[in-house]
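Residues per chain are reported as follows:
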Amino acid sequence: MLFNSLQFLIFFAAVFLAYYAVVPDRYRWILLLAGSCYFYMAFVPAFILVLFFLITVDYFLGLSIARSRGVRRKMFLVGSVIANLGTLFFFKYFNFFNENIAVLARAIHWNYSPALLHILLPLGLSFHVFQSLSYVIEAYRGKQKPERHFGVYALYVMFFPQLVAGPIERPQHMLHQFHEPHVFDAVRVRQGLELMLWGFFKKLVIADRIALLVNHVYGNLGASSDLAIFLAAILFSYQIYCDFSGYSDIAVGSALVFGYDVTNNFNRPYASRSIAEFWRRWHISLSSWLRDYLYYPLAFAGKKVTKTRLYAGLFITFILIGLWHGANWTYVVFGSLHGGYLVLALWTADARKRTAAFIGFSAYPALLKTWQTLAVFALVCVSFVFFRAATVAQALYVLAKTKSAFLHLPTALTRWQSLFASGNFGFRSAGAIVIGICFLECVQYAQAKLNTVFIFEKKSRAVRWSWYYALIFGTLFLGYFGAQPFIYFKF
Amino acid sequence: MARFLLKCALFSIPVLGIFIFPLAVFILGRELLPVSAIVSRQQQNPGQDILYQSAFTSYTEKPYKLLSTIARNPQIVALGLSQSLTFRARFFRREDAFYNAGRGVYSAADLSHYLNALPHDNNLAVILFDATNLLYDAAVQDEHQQASASDMLRAFLSSGWRAAYLDYAAGKFSVRGLMRERKTTESIGLVALMHHAGFRADGSLSRGTLPEILDMRKNALPMALQVADNIPEIDKFSAVSLRNLAEVKKFLALARERNIVVIGYFSPYALEIYRAIWSLRDLHGEEFRAAPATLAALFERYQYHFHDLRNLETIGSSDAELYDAGHLTEKGTLRLLLYLTAREPALAPYADIAELKKQILKEPF
C-alpha cells in the first residue's frame, strides 16, 4: 500500500477513528500491530513470514542477552547479527555476490556457473534489519532493557508509518512510547496532518513530476539531448530528496497523529557547506546508525587512533552505505565517491582554508558560503548519477553528456524544445517543478529561520488554514497522480 | 475529538467543492459507467448507434473490446491496433457475425491472452489479423485486463477531475451542450456525446466531428509527405523483436488448436512513406523489406497466409483513401477486404465480392 494512494488514505482514516474513538488505550497496540500487518501484506503477503522470523529471533535473543554474561552474551549477539545479516544477504546480495564470483571465475578460466535465486526482495528489508540490529546491539551494550512484551516488540519493528522506508529508530527512543498512554491531542494531530500534507506536496508535485523527465531520459539515453541529460542529472537530486523526505514527512506526520514521536530524517541537506554536514542532514537515521555501530568501532576501538585508521574507517563505512542501498556496483561507486569526498575533505582541510584566505574568500563569508553550498550540491549531483543509473557505464555516459552540455550551455539551451520531445513531460510538468522547487526552498528557509517545521503554528487560524489550503490545492492542481512508488521502498 | 472532527468537516468543504463540477461532468458524460454496463447497453441495442469513447480513461479499451467480443459472440473479428478500426459490420453478409476488436490488444503478448479469455464454446471462425506495429516494440503486458467501476472512480480521483476542468477551459465541451446531447443520444463518454466519435456497437471507430480528426483528414497527404521527407531522421524502425515473434507464434498455435483461421496482413501506409522506407539502404530498409517474408513463413507453418499490403497500390487504393499517413478510410478498407476475400476461401461465407464492389462504388471516402 503506497502512502500516495487512495487505499492508504482510507486505511489511515479507518485506523485513526478506531484508535481514538473505539479501542481502549491498553489494547491500542493490537490495533496498530494488526494495521501494520495489513499495511505490509498489501504489498506481497508472504513476506510477512520473513519479518515474523526476524522478530521472533531477535525477541528471544534480546531476552537471552539480558539474562547472560560473558561469552554466552556475545554468542547471542553474534547469533542475532548472523540471522539478520544472513537474511539480508540471502535476499539482497546473494545473486550479486554469485554473479561477481562468476565474472572472476571467467577471468581465471574457471568453469563456474552461478546458481541464481529468482525471488523478490521483501519490502523495506534493509530498514527492518537495521532497526532490529540496533535493538539487540543496545541490549548487548546494556543501554536498553529487553522488551518482554512480544506484541510491543513486534510493533517496534513493524509500526506502519516507518515500516517500509524508515526512519530507522533506536529502541531507547521508540519502545517506551508503545507502553505510554496516548490521549487525543488536537494540536499534535493537526501538526501530524500538516506534516503529511507537506510530504504529499513534495512527493506528488516535485518528485513525481521530475520523475517524468528523469525516467524518460534514463530510459532513452541514446535519444535524449545533452540538455535533457544535464537537467535530468541535476533534477534527480531534487527528485530523490523530495521523494524520500516526502515519505519521511508522511511517516513522521502519521506517527504524530497517533501520538508517537518519530525521528526526523532530513534537515535541508542541500544547504550543507561540506559533505560531512550533508551526511548529518541527509538520511539522518541511517548515517547515525552506521556512525554509532560501524564507524566508531572501526575508527576508535583499540588503543591507538591514527589518521589512516580514521580515513579507512570512513571509507569502509561509506562503501557499506552504498551497498546498503542495493546490490549493484553503481551503489558501491556512489558510496565510494562520498567516502572519497570525506577523506579528501579531511586531508585537504588546512590547505583549503589557506587557499580561501589567500584568494580573499574568507573576507566575504556570504560568498564563501554560497560557493561551498554550490560545490557540495554539484558533488552530490555527480554521486546521484551513479545512484540513478542502471550500470556504471550508463552513469559515465550521463556524466560525459552532462559535462558536454555544461561546457556548451548556450548551444545546448537553444535545443530546449528537446526537453518536451517525448514521454509525458510537458510544459505543465515543467511549470509545476519550477513552482514546486521555489516554494520548497522558501518554506525550508522559513523553517530554518524559525527553527520549526510548523512555520505558521503561532499564527491565527485564518493564516494556518490558508497555508493548509495552499498545500492541498497546490498538490491537487500541480501534482502528478500516477501512483509512482517511493524510491526508497526498494531498499 | 468530536470538536476536532467537526472542524475537519468544515475545513473540507472547499476542498470537496472543487470536485463537484468534475463529478457532475463525469455523471452527465456517463463516464462513471463500468465497462460491463457499457457493453450490455451497446450489444443489447445494436440498432441505436450508441457510441462509446471516454475523454478521461483509455485503459478501459482492452477489457471493453474483450467483453464486447464475448457478448456479441461473432464468427469473424478484426484484430490489431488502430489501423484495423475501419472494418464495419455492414461490409459483411451478416452484420451480427462480425466484431471489430481493434485495440483489444496493445502488444503481441496480448494476442494469446485475448484468445484465451474467450469462452471455449464461442463461434469464432476467422480472425483478420493486422500485424502493423505489433512486432517492433517490446511486448508489454497491460494489467488492466478487467476494468471495474472502481477503475472509473480511480480515474476520476487521480487526474480525471483535473482533466475535466482543463477540457472545459479549453472549450472542448460546454455544460449546456452536454445536457442537450444527453437528451438526443444514448452514447457513453464525453467524447462520444460531444463529438459523436467513439466505438460503435460493431467495434469500429466513428471519427465523428473532433476538430483534430477533421484537420488530419485535410492534411493527410501533406503530413504523409512531411513524414516521408524526414524518414532518414526518424527512429521509426527497430528490428522485429524475437520475443514478439514468439508471441505471434503462440497466438497462431492457439488459433490452430481451436480451428480458427487467421488471415494476417500488414496494412497500407501513404505511398510516399512506403516508397521512402522501402528505398532505405540501411538496416531499417532491410528489415522493412524482409519482415513480410519472416511472417509469411511463420504463418505458413500453421497453414495460414500472410499478406503484405503496405503498398496502397496492391489493393488498388491511393493516398486519397487515407485518414492520415497510416490509416485507411472505410473505402480503402473495403478494397483491402475485397483483396483478401478474393484470395482467402475462409472469407467466402462472410463477405460477398460483388457486394463489396458495389459498396466501394457507393462509399464516399
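Residues numbered from 1 in each chain as written. Chains lettered and ligands numbered in written order. Predicted model: local features only at pLDDT ≥ 70, side-chain atom pairs only at ≥ 80, totals over all residues. Heavy atoms only, no water.

1. Side note on the overall build of chain A
So, step 1. Looking only at helices and strands, one finds 19 helices and zero strands in chain A.
So, step 2. By its C-alpha atoms, chain A is 70 × 70 × 50 Å across when sized along the principal axes.
So, step 3. Taking all 491 residues of chain A together, 52% fall into the buried category.
So, step 4. The long-range share in chain A, meaning contacts at least 24 apart out of those at least 6 apart in sequence, stands at 76%.
So, step 5. Total accessible area on chain A is roughly 22500 Å²; 68% of this is exposed by carbon and sulfur atoms.
So, step 6. Taking the average location of the 43 positive side-chain charges in chain A and that of its 19 negative ones, the two points are 7 Å from each other. (Helix = DSSP H or I, 4+ residues; strand = E, 2+ residues; numbered from the N terminus. Buried < 20%, exposed > 50% of the residue type's maximum accessible area, 1.4 Å probe, protein only. Contact = heavy atoms within 4.5 Å. Areas by Shrake-Rupley, 256 points an atom, 1.4 Å probe, with all protein chains shown as cover. Lys, Arg positive; Asp, Glu negative; His and termini not counted. Charge placed at Lys NZ, Arg CZ, Asp CG, Glu CD.)

2. So, unusual backbone geometry
Note: most peptide bonds trans; most residues except glycine with negative phi.
Residues and elements named next belong to chain B.
So, step 1. One non-glycine residue with positive phi stands out, namely N73, at about 50 degrees.
So, step 2. In this structure, N73 sits in the loop between α4 (61-72) and β1 (76-79).
So, step 3. Positive phi, close to 70 degrees, is recorded for R103, a residue that is not glycine.
So, step 4. In this structure, R103 sits in the loop between β2 (98-100) and α5 (108-117).

3. Structural notes on the domain arrangement of chain A
Residue and element names in this part refer to chain A.
So, step 1. Each assigned domain of chain A is listed here: domain 1 (6-184) and domain 2 (192-490).
So, step 2. Just the C-alpha atoms count here: the centres of domain 1 and domain 2 sit 26 Å apart.
So, step 3. Across the contact, 41 residues belong to domain 1 and 35 residues belong to domain 2.
So, step 4. For the pair domain 1 and domain 2, the interface holds one salt bridge.
So, step 5. Among the ionic pairs, D292 bridges to R170, the shortest N-O distance being 3.0 Å.
So, step 6. The interface formed by domain 1 and domain 2 contains 17 residue pairs in polar contact (both at pLDDT 80 or more).
So, step 7. When contributions to the side of domain 1 that touches domain 2 are tallied by element, the ones reaching two or more residues are α1 (6-22), α4 (70-107), α5 (125-141) and α7 (171-174).
So, step 8. Looking at which element gives the most residues to the side of domain 1 that touches domain 2, the answer is α5, with eight residues.
So, step 9. Counted by class, the side of domain 1 that touches domain 2 contains 27 nonpolar, nine polar and five charged residues. (Domains from an automatic or database assignment. Salt bridge = Lys/Arg side-chain N within 4 Å of Asp/Glu carboxyl O. Polar contact = N/O pair within 3.5 Å; in protein donor to acceptor, adjacent residues only side chain to side chain. Nonpolar A, V, L, I, M, F, W, Y, C, P; charged D, E, K, R; others polar.)

4. Quick look at the sheet that holds β1(B)
Residue and element names in this part refer to chain B.
So, step 1. Spatial ordering of the open sheet is given by β2-β1-β3-β6-β7, a layout of five strands whose pairing is parallel. Each edge of the sheet is formed by a strand with only one pairing partner; in this case those strands are β2 and β7 (305-308). Between one strand and the next, the sheet's axes are offset by a mean angle of 15 degrees, whatever the strand orientation.
So, step 2. The sheet contact formed by strand β3 (residues 126-130) and strand β6 (residues 261-266) spans five bridges and is parallel. Paired with I127 across the two strands is V262, which belongs to β6.
So, step 3. α4 contacts β1 and β2 of the sheet and is inclined by roughly 175 degrees relative to β2. (Pairing = 2+ DSSP bridges. Axes fitted to C-alpha atoms, helices over the stretch in contact; angles between N-to-C directions.)

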